[in-house]
Amino acid sequence: MKHILILTGRFGMGHCCAAEAIRQEIAVTDPHAEVRIVDLIDYLFPHSSELIYRIFAHMVNHCSAVYNFLNRAAGRCGMLPMKAAIARKLDRLLCDCQPDIIVSTLPICSQCISAYKQQRGTPIPLYTYITDIGAQDEWIVPHTNAYFVGASDTKNELIRKGVCANRIHICGIPVRQDFRQPVSAAPSGQMELLIMGGGLGLIPSCDTFLSVLSHIHGIHLTVITGKNKALYTRLKAQYPALTVVGYTERVADYMRHADLLITKSGGITTFEAIHCGIPLYVIQPFLMQEICNAKFIERNRIGRVVWSQCDDVTQDIVSLLRSGTQLHAMRQNMKHIRQGLDCLCPAAYFGCGVEA
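Notes on the structure in this doc start here. Model, not experiment: these values are computed from the prediction.

Here the focus is unusual backbone geometry. Despite not being glycine, Gln284 has its phi angle at roughly 45°, a positive value. Counting through the fold element by element, Gln284 comes out in the loop between strand E11 (280-283) and helix H12 (288-299). Its relative accessible area of 24% is what places Gln284 among the partly exposed residues. Its identity as a non-glycine residue notwithstanding, Arg301 has a phi of 55°, on the positive side.

Structure (structure tokens):
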């Protein structure tokens, strides 16, 4: 029986969703494997992790330029130095879990384990799942045995940065099993518009178009605010015609019944939409990784990206919703992507032992 340790963190919910998706896929393909998911930030810094996550959320919400700067700086710094206290905590974690394989869905987890492997000389395999299309430098560490990536764009970027091609596997960004059900045609009748803001509940420029869209005949709006309780309360009060949903485990159901998804261009959300066959509409992406994902959406014609604040977003959304031809073409392009991906089957990869 294999013991697999998946390391992640709550910097947005995408990394945790990827970890759960990998766990679910392993359960399907290797039900005897023992899988444990650990939030490494919580484990290493139990008394300060909540503060770390609050600072992150504040930067994303209010200081995106600072966040992008720090992200670039982290990539230039490379692998983290392994402090003695962190090494001792990792000793305890690995002694407790006894993993045959370590999987990372977060750059800092890959950096920590790579530094640990170098210091301790342990041969334990480290597999990194890159959860965005862009392969930022912070993902690349010397003791990673294999990278699992969403698209050929990511693989080519890793190769340009010096990663051996035989260590890179294109399998799509992992999504949970409820998103991987067969795609059925959207029901006829009124158009369903779904608006999501990602795990942090961020919805860009929502007040500029919600009031107009909510009064257009034939269009029904559902807004998922995630864990942003203040936004949930405000939208419920301000827009009674909307269906407003807070944090929910039924995102896949809402996606499958929608004709268009307005959202951030997170890597996980993008591939959840691809598997559900719902075209994407992205408004002014501003975080580094989301800009890369938005360019991927444009190149593959699976959605529309509004880059300029001057664009008339409301009329553009209405026009796209009423253009069955454009939406159909986007859904077909998503179908081609699904068909072109290798099956996400980490247990199979792990069972045959990806070469170091």
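This structure, assessed with the given rule, holds three aromatic pairs. A centroid spacing of 4.5 Å and a plane angle of 10° characterise the contact between Tyr129 and Phe148, whose relative ring orientation is stacked. With Tyr129 in strand E4 (residues 126-129) and Phe148 in strand E5 (residues 146-149), this residue pair connects regions lying 19 residues apart in the sequence. Judged by relative accessible area, Phe148 falls into the buried class, the value being 1%.

Quick look at the pattern of salt bridges now. Inspection of the entire model under this criterion finds 14 salt bridges. Where Arg176 meets Glu249, a salt bridge forms, and the shortest distance between an N and an O atom there is 3.9 Å. Taken as a pair, Arg176 in the loop between strand E6 (168-170) and strand E7 (191-196) and Glu249 in the loop between strand E9 (243-245) and helix H10 (251-256) lie far apart in primary sequence, 73 residues in all. With relative accessibility at 53%, the residue Glu249 sits in the exposed group. Here Arg250 and Asp253 are joined by a salt bridge, their closest N and O atoms 3.4 Å apart. Residue Asp253 is classed as partly exposed on the basis of its relative accessible area, which comes to 33%. Connected through shared salt-bridge partners, Arg10, Asp39 and Asp42 make up one network.

What follows covers the packing of helix H11 (residues 267-276) against helix H14 (residues 324-340). In a pair of packed helices, the angle between the axes and the distance between the axes together describe the arrangement. Where H11 meets H14, the axes come as close as 8 Å, and the angle between the chain directions of the two elements is 100°. With respect to each other, H11 and H14 are oriented roughly perpendicular. Where H11 approaches H14, its residues Ala273, Ile274 and His275 are matched on the opposing element by Met334, Ile337 and Arg338. Taken together, the residues that form the contact of H11 with H14 break down as four nonpolar, one polar and one charged.

Looking at the secondary structure, you find Thr131 in the loop between E4 and E5. The exposure class of Thr131 is buried, given its relative accessible area of 3%. Side-chain polar atoms of Thr131 contact the side chain of His15, separated by 3.2 Å. Residues contacting Thr131, with those up to four places away along its chain left out, are His15, Ala18, Thr105, Trp139, Ile173, Gly267 and Ile268.

This part covers the environment of Ile52. The topology assignment puts Ile52 in helix H3 (residues 49-62). Note on Ile52: relative accessible area 30%, which makes it partly exposed. Distance in space between the C-alpha atoms of Ile52 and Arg10 is 9.9 Å, their sequence separation being 42 residues. Residues within four places of Ile52 in sequence aside, it is in contact with Phe11, Ile41 and Phe45.

Going residue by residue along strand E3 (residues 101-104), you find Ile101 and Val103 tucked away on one face and Ile102 and Ser104 tucked away on the opposite face as well. Taken together, the four bridges between strand E1 (residues 3-8) and E3 define a ladder with parallel strand orientation. Paired with Ile6 across the two strands is Val103, which belongs to E3. Note: E3 against E4, three bridges, orientation parallel. The partner of Ile102 across the bridge, within E4, is Leu126. In this fold, the crossover linking E3 to E4 by way of helix H6 (residues 107-120) has right-handed handedness.

Rules behind the numbers
Residues numbered from 1 in each chain as written. Predicted model: local features only at pLDDT ≥ 70, side-chain atom pairs only at ≥ 80, totals over all residues. Heavy atoms only, no water. Helix = DSSP H or I, 4+ residues; strand = E, 2+ residues; numbered from the N terminus. Buried < 20%, exposed > 50% of the residue type's maximum accessible area, 1.4 Å probe, protein only. Phe/Tyr/Trp six-rings, centres within 6.5 Å; stacked < 30°, edge-to-face > 60°. Salt bridge = Lys/Arg side-chain N within 4 Å of Asp/Glu carboxyl O. Axes fitted to C-alpha atoms, helices over the stretch in contact; angles between N-to-C directions. Parallel < 35°, antiparallel > 145°, perpendicular 65-115°, else oblique. Contact = heavy atoms within 4.5 Å. Nonpolar A, V, L, I, M, F, W, Y, C, P; charged D, E, K, R; others polar. Polar contact = N/O pair within 3.5 Å; in protein donor to acceptor, adjacent residues only side chain to side chain. Pairing = 2+ DSSP bridges. Right-handed = clockwise from strand over helix to strand, strands pointing away.

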